[in-house]
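Notes for the structure review
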Amino acid sequence: MSFAVSRGRVRYSSDDIASKSHKAVIRIVDLLEADAISDGARSIWTGLMPKNDGWVLAPTATDLYSGLPGIAMFLAYAGSTLNEPRASRLANSALESILQALDAERLPKRGIGAFSGLGGIVYALSHIGTLWGRNDLLGRAGDITHQFPELIDEDEELDIITGSAGCIASCISQHACQPSDYLLVLIERCGNKLLDCAQPSDGGIGWCRKVTIS
């Protein structure tokens, strides 16, 4: 199957798009490889992180949105899809940094959304574990979810980035890879949390969330 996409007067075929996408991904892998700070087994990166009313250069965090899990997911899929061993090796070294942080309990005990905190790590581990056929990673993801009940009850964020809405996505991802009645209970618990916190809004419902202003 082929198709064409027009951009102004330039038309791209599906083969053109695939080739350009391939080159772009390889270029990103090149940049990540060049910028990695590695000890041979583990890798991290530095980047701009928000702080107060500005930005600072700091080691990448452990959230999916702007940290190691997202980088590891990208590299894992790049390695698998494009048959690029460098990307797979780099993904594994990023993953080892995440696992080391888990073992040392250096992760924040907050943030259960799909993109922040523990929820994002579960989402990444479920994907990479399935992609690589590593049940140990799925097991680690499952272990993390046992911290969720208390965090769901304490959740004030509620949204998909850091709160219960996103936790549903993370638990669904894990359940799709390693089905569990426990995960279904967590999904229901998140749903009940959202229903309990819902407020009437213009004929429908909405949510108020905690906002920190620096």
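To be clear, the structure that these remarks concern was listed above.
A short tour of the structure in this document, coming up. (Residues numbered from 1 in each chain as written. Predicted model: local features only at pLDDT ≥ 70, side-chain atom pairs only at ≥ 80, totals over all residues. Heavy atoms only, no water.)

**Describing the overall build of the chain**
- The number of helices and strands found in the chain is 8 helices and 8 strands.
- Taken over the C-alpha atoms alone, the chain extends approximately 50 × 45 × 45 Å along its principal axes.
- Counting every position in the chain, which comprises 214 residues, the buried fraction comes to 38%.
- Summarising the internal contacts of the chain: among those between residues at least 6 apart in sequence, 56% fall at separations of at least 24. (Helix = DSSP H or I, 4+ residues; strand = E, 2+ residues; numbered from the N terminus. Buried < 20%, exposed > 50% of the residue type's maximum accessible area, 1.4 Å probe, protein only. Contact = heavy atoms within 4.5 Å.)

**Some remarks on unusual backbone geometry**
- Backbone geometry places Asn 83, a non-glycine residue, at a positive phi of 55°.
- Its place among the elements puts Asn 83 in the loop between helix 2 (68-82) and helix 3 (85-103).
- The exposure class assigned to Asn 83 is exposed, which follows from its relative accessible area of 66%.
- A positive phi is found at Leu 158, a non-glycine position, where the angle reads about 75°.

**Some words on helix 7 (residues 164-177)**
- Between its first and last C-alpha, helix 7 extends 20 Å over 14 residues, near the 20 Å set by a 1.5 Å rise per residue.
- Burial in helix 7 covers these residues: Ser 164, Gly 166, Cys 167, Ile 168, Ser 170, Cys 171, Ser 173 and Gln 174.
- The inward-facing, buried residues of helix 7 contact helix 4 (117-132), helix 5 (135-145), helix 6 (148-154) and helix 8 (181-197). (Expected span 1.5 Å × (residues − 1).)

**Quick look at the side chain of Thr 60**
- Assignment of secondary structure puts Thr 60 in the loop between strand 6 (54-59) and helix 2.
- Taking relative accessible area as the criterion, Thr 60 reaches 13% and is therefore assigned buried.
- Here Thr 60 is in contact with Ile 44, Trp 45, Thr 46, Met 49, Ser 66, Gly 67, Leu 68 and Ile 71, once residues within four sequence places are set aside.

**Observations regarding the packing of helix 3 against helix 5**
- It is at 13 Å that the axes of helix 3 and helix 5 come closest, and there the two elements cross at 40°. Taken as axis vectors, helix 3 and helix 5 run oblique relative to one another. Viewed along their axes, helix 3 and helix 5 form a crossing whose handedness is left-handed. Facing helix 3, whose interface residues are Leu 95, Leu 99, Leu 102 and Asp 103, helix 5 presents Leu 137, Arg 140 and Ile 144.
- When its residues are assigned to classes, the contact of helix 3 with helix 5 shows 5 nonpolar, no polar and 2 charged. (Axes fitted to C-alpha atoms, helices over the stretch in contact; angles between N-to-C directions. Parallel < 35°, antiparallel > 145°, perpendicular 65-115°, else oblique. Left-handed = near helix turned anticlockwise from the far one by under 90°. Nonpolar A, V, L, I, M, F, W, Y, C, P; charged D, E, K, R; others polar.)

**So, the nonpolar core**
- The biggest cluster of nonpolar side chains holds 41 residues, and the ones touching the most others in it are Trp 45, Leu 75, Leu 125, Ile 144 and Phe 148.
- Mapped by element, the contributors of at least two residues to this core are helix 1 (14-35), helix 2, helix 3, helix 4, helix 5, helix 6, helix 7 and helix 8.
- A total of 8 residues in this core trace back to one element, the largest contributor, which is helix 3.
- Aside from chain neighbours lying at most four places away, what touches Leu 75 is Val 29, Leu 32, Trp 45, Ala 87, Ser 88, Leu 90 and Ala 91. (Core = buried A, V, L, I, M, F, W, Y, C linked by side-chain atoms within 4.5 Å.)

**Quick look at the pairing of strand 5 (residues 46-51)**
- Bridge count between strand 5 and strand 6: 6 bridges; the pairing is antiparallel. If you follow Met 49 over to strand 6, its bridge partner there is Val 56. (Pairing = 2+ DSSP bridges.)

**Overview of a nonpolar patch on the surface**
- Together, Tyr 65, Phe 115, Ile 160 and Ile 161 make up a nonpolar patch on the protein surface, roughly 390 Å² of accessible area in all.
- If you trace the backbone, Tyr 65 turns up in the loop between strand 6 and helix 2.
- Taking the relative accessible area as the measure of exposure, Tyr 65 reaches 63% and is therefore exposed. (Patch = residues over 30% accessible without salt bridge, like charges linked within 9 Å, V, L, I, M, F, W, Y side chains within 5 Å. Areas by Shrake-Rupley, 256 points an atom, 1.4 Å probe, with all protein chains shown as cover. Salt bridge = Lys/Arg side-chain N within 4 Å of Asp/Glu carboxyl O.)

**Quick word on the side chain of Lys 193**
- Of note, Lys 193 is situated in helix 8.
- One buried charged residue, Lys 193, forms no salt bridge at all, with the nearest opposite charge on Asp 155 at 6.1 Å.
- Only 3.3 Å separates the side chain of Lys 193 from the backbone oxygen of Asp 155, close enough to count as a polar contact. (Lys, Arg positive; Asp, Glu negative; His and termini not counted. Polar contact = N/O pair within 3.5 Å; in protein donor to acceptor, adjacent residues only side chain to side chain.)

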